[in-house]
Structure formats: structure tokens, C-alpha cells
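Below, each chain spelled out in residue letters.
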Amino acid sequence: MSIQKLTTFVEAMTRLLETKPAEAAVIERGKQLLATLVATDDWLPDAFAQPHPNYYQQYLLYADPLDRLSVVSFVWGPGQQTPVHDHLTWGLVGILRGRERATGYVLQPDGTFKAAGSSVLLPGQTTAVSPAIGDVHEVANDLADQVSVSIHTYGRNIGRVNRHVFVPATGAAKNFISGYASAVVPNLWA
Ligand code: FE
């Protein structure tokens, strides 16, 4: 198992962001780079793919020192899911293993959130969020009996961002900082 694919992705994303492109370009090109990363499931060290019996796990894989991006592995135990939440930055999701279901939520004039349809994503597939294209969603393991793993990249160090979870029916928002399950990051230069 070689971490080189992740290193190559981080380098390519950093070079892309170095040119200060418009967000739409980051999302378009970033999705291509992420699709390449998740096209083969042979590089993520097992330490960053461990499920927890009760909670979905977020393992930090890389954080840019200038806070321009972070890369995180999300590990879903059977049936686990997020609350409805936002990101406050662009975010790209690529499925590495299993099957994931993403449901977008749209703010209504009365302040509540309405589900705007779900999509099921398979390994190699990608999706995006951002305040400009729709930032509020709920993500779930679409498999009731298997672990799913996806790789996420964001325009900030997402585990440190003060953001929100929502009760869709009322629109009630609660602040949250997701943090990370891991105390260590992979050695990208191994
Ligand atoms: Fe999310």
C-alpha cells in the first residue's frame, strides 16, 4: 500500500489553488483530481479507515499550513449518517469504498429547510457543496451491513471551522466544530 496517490492529489490541489482560481474552477478541476484519487482503492492506510460502532469517523489526512485546503477520510459504519449541516467553504466528496447517499437541503422563505432529493454515490463518483451551489446537506452510509469510506477535500481546515447543524423542520441552527477522530496524520513522504 503506497500513500503516493494521496501525495500526488495534495500536490495537484495545492498547485491549482496557488493560481487563485474562481471557486467554480476549483470545483470543476478539483472533482477531476479527486475522481482520479478515488478511482482505485489501494492507498488509504487502514488506520484512517476504521469505523466506530456508534459514530461516523473523520480522519484528517492533510491540512494546508495556509488553511487553503484539508483532506479528510470519512468512515461510515453500517447505517451511520450526519445531521443536516453546512460547511461555509467549498467541499468535494469522492467515494472510495461502499456506497454513500447525499441529500441536499434548500432554505425556504419561512426559514425551514426542505430536502431537495437524494443521490446515491458509488466508488469513483464525486459530488460538491459550497455556499454558492448549495451548502446544506445530510450524508449517510447507504449500506446497512457494510462500512463505506469517502475522501473529502475542503477550502479550509474543515475540522476547525465553526459551522452549523440544522433541524430542517424548524430551521433551528446549532453551532458545531467537527474536529477529527485522529491524533495523527499519514506520512505523505513515506
Ligand atoms: Fe458535509
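Everything below is about the structure printed above this text.
Residues numbered from 1 in each chain as written. Predicted model: local features only at pLDDT ≥ 70, side-chain atom pairs only at ≥ 80, totals over all residues. Heavy atoms only, no water.

Colleague: Would you mind going over the sheet that holds strand β1 (residues 57-63) in detail, with residue names and values included?
Modeller: Here five strands make up an open sheet; going across it, the order is β1-β2-β9-β4-β7 and the pairing antiparallel. Because the sheet does not close on itself, it has two edges, and the strands there are β1 and β7 (126-129). Pairs of neighbouring strands in the sheet enclose a mean axial angle of 25°, with direction left out of account. Where helix α1 (residues 4-18) meets the sheet, its contacts fall on β1, β2 (70-76) and β9 (148-154), and the angle it forms with β2 comes to roughly 135°. Packed onto the sheet, helix α2 (residues 23-38) meets β4 (91-97), β7 and β9 and runs at close to 15° relative to β4. (Pairing = 2+ DSSP bridges. Helix = DSSP H or I, 4+ residues; strand = E, 2+ residues; numbered from the N terminus. Axes fitted to C-alpha atoms, helices over the stretch in contact; angles between N-to-C directions. Contact = heavy atoms within 4.5 Å.)

Colleague: Could you give an account of the nonpolar core, with specific residues and numbers?
Modeller: Leu6, Phe9, Trp43, Leu44, Leu61, Val71 and Ile151 are the most contacted members of the largest nonpolar core, which totals 30 residues. Secondary structure elements with two or more residues in this core: α1, α2, β1, β2, β4 and β9. If you look at the next biggest cluster of nonpolar residues, it comprises nine residues, including Leu60, Phe74, Trp76 and Val161. (Core = buried A, V, L, I, M, F, W, Y, C linked by side-chain atoms within 4.5 Å. Buried < 20%, exposed > 50% of the residue type's maximum accessible area, 1.4 Å probe, protein only.)

Colleague: Quick one: what's the story with the coordination of the iron ion, residue by residue and with numbers?
Modeller: For the iron ion, the full set of protein donor atoms is His85 (NE2), His87 (NE2) and His137 (NE2), and the range of their distances to it is 2.1 Å. Read in sequence order, the donor residues coordinating the iron ion give the pattern H-x1-H-x49-H. The exposure class of His85 is buried, given its relative accessible area of 8%. (Donors = N, O, S within 2.8 Å, 3.2 Å for Na, K, Ca; no water.)

Colleague: How would you sum up α2? Please name residues and give values.
Modeller: Helix length check: α2 (16 residues) gives 22 Å between terminal C-alpha atoms against 22 Å at 1.5 Å per residue, within 8%. Within α2, the full set of buried residues consists of Val26, Ile27, Gly30, Leu33, Leu34, Leu37 and Val38. In this structure, the buried side of α2 is in contact with α1, β4, β7 and β9. (Expected span 1.5 Å × (residues − 1).)

Everything listed is a geometric property; what it means functionally is a separate question.
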